[in-house]
Amino acid sequence: MAYHARSISLPTRSNPLAAAVEAQLCKLRSSDLTSSITNNLVALKDLYECVEDFLSTEDGKCLDAVLDRSCMLLDVCETIKDVLSMMKQSAQDLQSSIRRQSNEFDAYMSSRKKVCKVIQKCLSDLKKNTNKNNDFVSDVLTEVEATTLAVFESVLSFLSAPKQRSLVSKLTTKNSTQQVVNEVTKIDIALKSKVIEAKEVQKPLAALEMNLQELEQGLESVFRCLIKNRVSLLNILNQ
């Protein structure tokens, strides 16, 4: 999913609302999407709070197009929420089985396969949506959508624990090719090894549960902002 940065043509002095949105966009652009996912969700929430005010400056054709695309963003966000919920439940089930010393690793790996299929489909849909352009949408709101999809992609890449370089690297100006080895990866590697010891899984599993909880909270805040954003669009267009 390629991210093409655009320069916003609106003068800062004549449109301070656009400047506020651009400041939040710059904050997200300068961050490392592969290692600060929770922080990026917080920044994304802040971005949409700025967008709320900016919407009143846009024309009807632009807002109609943004309204259509807002459903897509909500659908993607909801899919990621479902993925987080599934992973959280399977992680808790695995933790319980380790405490009971039943070590039901197969159930976790089966759940992981299902989750990864959902993630790959969502990533494929993101690529298709990213390539869709609308001439009516302003540069500001085009960048907001592209940045939102970039953050969503970073969450999905983290949860899928990709073996290869993440697509997220294409969204940033950083040239690092270092693979991010997170808790998801560590658990997958441990469970796929021939000799599995529960102690090798417990520490990254506990860390994963904490990360999933933080991501769930951050994504819920973004989801509420997206809903509020859509309601604002409807209100403006119905005036």
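1. Let's talk about the overall build of the protein chain
(1) Moving on: Per the secondary structure count, the protein chain includes seven helices and zero strands.
(2) Moving on: When the helices and strands of the protein chain are read in sequence order from the N terminus, they spell out α-α-α-α-α-α-α.
(3) Moving on: Looking at the protein chain as a whole, 46% of its 239 residues are labelled buried.
(4) Moving on: The long-range share in the protein chain, meaning contacts at least 24 apart out of those at least 6 apart in sequence, stands at 80%.
(5) Moving on: In the form shown here, the protein chain has an accessible surface area of approximately 12700 Å², with 50% of it arising from carbon and sulfur atoms.

2. As for the packing of aromatic side chains
(1) Moving on: Enumeration according to the criterion identifies zero aromatic pairs in this entry.
(2) Moving on: K81 extends its terminal NZ or CZ atom over the ring of F223, reaching a point 4.1 Å from the ring centre.

3. Details of helix α5 (residues 139-160)
(1) Moving on: Taking 1.5 Å of rise per residue, 22 residues should cover 32 Å, and α5 covers 31 Å from first to last C-alpha, within 8% of that figure.
(2) Moving on: Of all 22 residues that make up α5, 19 are buried, and the element is covered over most of its length.

4. Some points on the packing of helix α3 (residues 60-99) against α5
(1) Moving on: Two numbers describe how α3 lies on α5: the axes approach to 11 Å, and their chain directions differ by 15°. Judged by the angle between their axes, α3 and α5 are roughly parallel. When the axes of α3 and α5 are compared, the crossing they make is left-handed. Of α5, the residues touching α3 (which contributes C62, V66, R69, M72, L73, V76, C77, I80, V83, L84 and M87) are L141, E145, T148, L149, F152, V155, L156 and L159.
(2) Moving on: The residue makeup of the contact of α3 with α5, split by class, is 16 nonpolar, one polar and two charged.

5. A closer look at α3
Each full turn of the α-helix corresponds to 3.6 residues, which orients residues three or four apart in the same direction.
(1) Moving on: Helix length check: α3 (40 residues) gives 58 Å between terminal C-alpha atoms against 58 Å at 1.5 Å per residue, within 8%.
(2) Moving on: For α3, the capping residue at the N-terminal end is D59, with a side-chain oxygen 3.3 Å from the backbone nitrogen of K61.
(3) Moving on: One or two positions beyond α3, positive phi appears at Q101, with a value near 65°.

6. Quick word on the pattern of salt bridges
(1) Moving on: A complete count under the given rule lists 11 salt bridges for this structure.
(2) Moving on: Between E22 and R29 there is a salt bridge, with the nearest N and O atoms lying 3.3 Å from each other.
(3) Moving on: A relative accessible area of 21% means that R29 is categorised as partly exposed.
(4) Moving on: A network of salt bridges, in which partner residues are shared, links E22, R29 and E143.

7. Quick notes on the confidence of the model for the protein chain
Note: predicted coordinates in regions of low pLDDT should not be interpreted at a detailed level.
(1) Moving on: Counting all residues, the mean pLDDT for the protein chain is 82, and 80% of those residues have values of 70 or more.
(2) Moving on: Between residues 1-13, whose pLDDT stays under 50, and residues either more than four places distant or in other chains, the model counts 34 contacts.
(3) Moving on: Ignoring residues within four places in sequence, the model shows residues 164-180, a span with pLDDT below 50, making 32 contacts including any to other chains.

8. Things to note about the nonpolar core
(1) Moving on: In terms of nonpolar packing, the biggest core is built from 66 residues, with V21, F152 and L159 touching the most fellow members.
(2) Moving on: The set of elements that each furnish at least two residues to this core consists of α1 (16-29), α2 (37-54), α3, α4 (105-130), α5, α6 (183-192) and α7 (198-238).
(3) Moving on: Residue contributions to this core peak at 17 residues, all from α3.
(4) Moving on: Filtering out sequence-adjacent residues up to four positions away, V21 remains in contact with L47, C50, V51, F54, V140 and V144.

9. Side note on the environment of L205
(1) Moving on: Within the secondary structure layout, L205 lies in helix α7.
(2) Moving on: Linking L205 and Q92, residues 113 residues apart in sequence, is a C-alpha distance of 8.7 Å.
(3) Moving on: Ignoring any residue separated from it by four or fewer positions in sequence, one finds L205 in contact with A91, L94, Q95, I98 and I187.

10. So, the packing of α6 against α7
(1) Moving on: Where α6 meets α7, the closest approach of the two axes is 9 Å, and the angle between their N-to-C directions is 150°. In terms of their interaxial angle, α6 and α7 are classed as roughly antiparallel. By crossing handedness, the relation of α6 to α7 is classed as left-handed. From α6, E183, V184, K186, I187, A190 and L191 reach across to α7, where they touch E200, V201, P204, L205, A207, L208 and N211.
(2) Moving on: Split into classes, the residues belonging to the contact of α6 with α7 amount to nine nonpolar, one polar and three charged.

11. What about the environment of Q217?
(1) Moving on: Turning to its location among the elements, Q217 is positioned in helix α7.
(2) Moving on: A relative accessible area of 48% places Q217 in the partly exposed class.
(3) Moving on: As a C-alpha pair, Q217 and T38 span 179 residues in sequence and 9.0 Å in three-dimensional space.

Rules used in this analysis
- Residue positions are given per chain, counted from 1 along the sequence in the order it is written.
- A pLDDT threshold of at least 70 governs which residues receive local features in this predicted model, and a stricter bar of 80 or more applies before side-chain atom pairs are shown or counted, although totals over entire chains, interfaces and linings include all residues.
- With hydrogens and water stripped out, all remaining heavy atoms of the structure feed into the side-chain values.
- What counts as a helix is a DSSP run of H or I of at least four residues, what counts as a strand is a run of E of at least two, and both are numbered from the N terminus.
- The rule is simple: take the accessible area with a 1.4 Å probe, protein chains only, and divide by the maximum for that residue type; under 20% is buried, over 50% is exposed, in between is partly exposed.
- The contact definition used throughout considers only heavy atoms, calling two residues in contact when any of these lie within 4.5 Å.
- Working definition of accessibility: Shrake-Rupley area with a 1.4 Å probe, residue cover restricted to the visible protein chains.
- Here a pair means two rings of Phe, Tyr or Trp (six-membered ring of Trp) with centres within 6.5 Å. Their orientation is stacked below 30 degrees between planes, edge-to-face above 60, and tilted elsewhere.
- The rule is short: NZ of Lys or CZ of Arg within 6 Å of the ring centre and within 35 degrees of the ring normal puts a charge over the ring.
- To estimate how far a helix should extend, the number of its residues minus one is multiplied by 1.5 Å.
- Axis geometry follows a simple rule: fit a line to the C-alpha atoms, using only the stretch in contact for helices, then measure angles between N-to-C directions, giving values from 0 to 180 degrees.
- Roughly parallel covers angles under 35 degrees, roughly antiparallel covers those over 145, roughly perpendicular covers 65 to 115, and oblique covers all other angles.
- We call a crossing left-handed when the near helix sits turned anticlockwise from the far one by less than a right angle, and right-handed when that turn is clockwise.
- Residue polarity is assigned by list, with Asp, Glu, Lys and Arg as charged and Ala, Val, Leu, Ile, Met, Phe, Trp, Tyr, Cys and Pro as nonpolar; anything else, Gly included, falls into the polar class.
- Whenever a nitrogen or oxygen atom comes within 3.5 Å of another N or O atom, the pair is scored as a polar contact, on the condition that within protein one atom can donate a hydrogen and the other can accept it, and that pairs from neighbouring residues in sequence are kept only if both atoms are in side chains.
- By definition, a salt bridge exists where a carboxyl oxygen of Asp or Glu is found within 4 Å of a side-chain nitrogen of Lys or Arg.
- The predictor rates its confidence in each residue with pLDDT, a number between 0 and 100.
- Residues belong to a common nonpolar core when they are buried Ala, Val, Leu, Ile, Met, Phe, Trp, Tyr or Cys residues joined through side-chain atoms within 4.5 Å.

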